[in-house]
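Survey of secondary and tertiary structure
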Amino acid sequence: MYTSEKCDAVRRPASRCWTESDFSSCRREPAIPRKTKLRQRHNAERGRRRREDDAGRERESSASSPFFSSEDTSLMASQLSDKIKEDFLECKICFEVYQTPRTLSCLHSFCEPCLRQLLDKEKGTVTCPDCRTVSDLQGNVQNAKASFFINSLLDLFHSKTTKETVCSVCLALGKNNVSASSRCLDCADFLCSSCAQSHCLSKLTLDHGVVSLTDYIAGCHDEEARLKLERRCQSHGEPLRFYCDTCAVAICRDCRMLEHFSHQVQSLVQAATARKPQLEQLISSLDGNIESLSQKEKEVDSAIQELREAHAVVEDQISGHLSAIIEQLFAQKEAFTKDLALSVEEQQQKYLSIKEDLQRLVSSAQNTRDFSSQVLQKGKDCEILDLEGTIQGQIERLQKVSVPEIANKIPVLGVNEGSDIDWSFSKMFKLSFGTSSLSTTDPKAFDTDADTETKVLTQTSAETVPPQPAVPPASQLCEPQPQKTFHSPVEQQLLNPPTVFSLIRTIAVDDACNPLEENITGMSLFPSRDIVIADNANFVIKRVVRNGDIRKTIYTAHRGWNNLDPFSIAVCDDSIFFTSGCRLYRIPDEDDDDFIQVCNLRGSHQEYSITAYKDEYIAVSEGTNCSLSLYSPEGVLVDRVSPPSSDGKFVFVAVNSKEEFIVSDTKRKCVLLISRNGNILNTCSLSNFNPTSVCVDKYDNIYVVDGKKIFLLTPSGVFLRQLFHFKSYTPKLITCDQYGHLIVANRVGTIRIYKETFLF
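A short tour of the structure in this document, coming up. On a predicted model such as this, the values are computed, not experimentally measured, just so you know.

1. Observations regarding the packing of helix α12 (residues 268-378) against helix α13 (residues 381-400)
Contact geometry for α12 and α13: axes closest at 11 Å, N-to-C directions at 160°. As the angle between them shows, α12 and α13 are arranged roughly antiparallel. For the crossing formed where α12 meets α13, the hand is left-handed. Residues S364, A365, T368, F371, S372, V375 and L376 of α12 lie in contact with α13, whose contacting residues are I384, L387, I391, Q394, I395 and L398. Among the residues forming the contact of α12 with α13, the class breakdown is nine nonpolar, four polar and no charged.

Here it is in structure tokens:
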């Protein structure tokens, strides 16, 4: 029979490694006296009976309960275990059972490896992923408190979830694979049936709670096991039974006698009893905070609900106002259509009345002419003389007939798109009739705009369009030009400059696959409205549809020439021409053919700007030569435009319908209007003027880019006003089509398309 020392050794926790001194205590000792054996047996028997009585009372209580059976109790214990795992033992980051749990200052616990991933190494802090509270860990996750409460639950959880449980005592004695049937709640050891019986007979372990392994795993003794589970000192391995007030830390017996000998020390029970009232008071104070925060949450919910209701109300109001406006617009449409029909019918009746009078006069004149001719041809002399007076009087009467003036009254609709429209839209439309002589009407007056794109009536915040910009002083303007006389409202509409520009589309042609950032240096238009741009940085020419799709991409590198970097570009005779260095090239129709060198350009400049006049020739701006060379699509020199000598530098060039060239002189900082024979018709120079790209619209109005601004000049080159002043957008190139569109591109290929609107 083993001595009490051996039993004491056996009951040590299995987590502690056995030393040689521990095994030496298991040697047989001299026989214990008979009286001692009887006393031990009596005490063991008394303890066994007491436990059996307690178990019997518990069974009677369970049997007499109308609510729970033994199966229910086992099920509740299992559910309790699952609840503990769900609420306390799962990390909210990795959603696994805790591994070395650490508690932050906000009382939220996480695995140490998970916290290590959240550690801000620069600040040495961790932001709680649950409540966003920042905890200062001084750069080390281990500075966070070890969660002993969770650790105790983990020990309990792991002890019950172990698949194969062996006897701790037999394992310490070198006996392997001895299945355990019981567990000592005090020693936290698993025991086989033999060791459990010996454990209950030892004087030192007589009062220990030894329970069956089945009940323990079922969770019947979870609370008792957790309460008896003792925390041990990490330095000495002894139970923590004292609390040092000086250091505010739990200590063991050895710590009290060594490091904390001179400190204020009391038992853990006394320390916990003294601090519980204060903690309870703090916990109670949270009730007010919780109530206040809950009230605020209700207020936020109320505000959200109110916001949603207001949203619905405003949507209904918008729909109602819009419906009313649409009804008014349709009502105006009916009224204007009716007025238009009545006015046209009235005018048509006047025309028909005049036509009848004219037909009667024509018939009378023809009859007079025919009768008089017959008399002259077949009449006798006396008959002729007799009818001479009558014929002469009739002809004189016909010649004196007053022919009414034929006035062509054309209906013209005015649309008020300004910002001063009243809510009722009563002044949205204005119907008027212009009067002009049909003989003086320009055939171009009846050209219609084929474009059907929807106009955007508002300007973006990135640009401003001054409705009535100030005109610079006379000293800053161009030379005065005689004003044209307009004979009809239609002719006046066509020749007047545009009043409103509406942004209808923005497209981006940049490509993330390009090795370098785009540098758009040339832009032109196909008759089909496609936009052609030259990317000088990436050796690319792109043909872009106006919805933003790339119709064709042409690479200028390794196409029979060494890396041609396209600069300026133009479309002539439905072919693309571009300049690279001091040469002019044409892109063939077939993709596999080499580029065609059209001609060598005059001078030795690296950059030449070009433009096309219809399908007849390509005009090349020749820089510091201050001249223009005109080449046919075949490369034949058609003409050379050489204004009087100057010290300027011609860069961008455009040509209008009269074959007048608009050139930006970047050295003299002005815009020149030059005739085909080389005469300078006008010079426009403003204060702080740095003109670059220029273009003309179908009415020969001139547009000039200057930094973030775009200016409008009259067809004669007179400054009219500033159209745009961009904030975050910097235009580089500008062009116009025959459908009333202004196309603007910046350096990286963001293209904006504006619609011109002519008001009168």
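Alright, that's what it looks like, and here's the rest.
2. Some remarks on the nonpolar core
One finds I531, I662 and I751 to be the most contacted residues of the largest nonpolar core, which totals 30 residues. Ignoring sequence-local partners within four residues, the contact set of I531 consists of M523, S524, L525, K542, R543, V544, R546, I743, I751 and I753.

3. Re the side chain of S372
Along the polypeptide, S372 turns up in helix α12. A polar atom in the side chain of S372 sits 2.7 Å from the backbone oxygen of T368.

4. Observations concerning the sheet that holds strand β27 (residues 637-641)
If you trace the four strands from one edge of the open sheet to the other, you get β24-β25-β26-β27, paired in antiparallel fashion. Of all the strands in the sheet, just β24 (609-613) and β27 have a single pairing partner and so form its edges. For this sheet, the mean angle separating the axes of adjacent strands, direction not counted, is 20°. Bridging between β24 and strand β25 (residues 617-621) involves five bridges; their strand directions are antiparallel. Opposite Y613, over in β25, you have Y617 as the bridge partner.

5. Describing α12
Over its 111 residues, α12 extends 155 Å from the first C-alpha to the last, a length consistent with the 165 Å expected when each residue adds 1.5 Å. Helix geometry: α12 is bent most strongly at K276, by close to 35°, with proline P277 lying one to four residues after it.

Here is what the cut-offs are and how they apply
- Residues numbered from 1 in each chain as written.
- Predicted model: local features only at pLDDT ≥ 70, side-chain atom pairs only at ≥ 80, totals over all residues.
- Heavy atoms only, no water.
- Axes fitted to C-alpha atoms, helices over the stretch in contact; angles between N-to-C directions.
- Helix = DSSP H or I, 4+ residues; strand = E, 2+ residues; numbered from the N terminus.
- Parallel < 35°, antiparallel > 145°, perpendicular 65-115°, else oblique.
- Left-handed = near helix turned anticlockwise from the far one by under 90°.
- Contact = heavy atoms within 4.5 Å.
- Nonpolar A, V, L, I, M, F, W, Y, C, P; charged D, E, K, R; others polar.
- Core = buried A, V, L, I, M, F, W, Y, C linked by side-chain atoms within 4.5 Å.
- Buried < 20%, exposed > 50% of the residue type's maximum accessible area, 1.4 Å probe, protein only.
- Polar contact = N/O pair within 3.5 Å; in protein donor to acceptor, adjacent residues only side chain to side chain.
- Pairing = 2+ DSSP bridges.
- Expected span 1.5 Å × (residues − 1).
- Bend = angle between axes of the 7 residues up to and from the residue.

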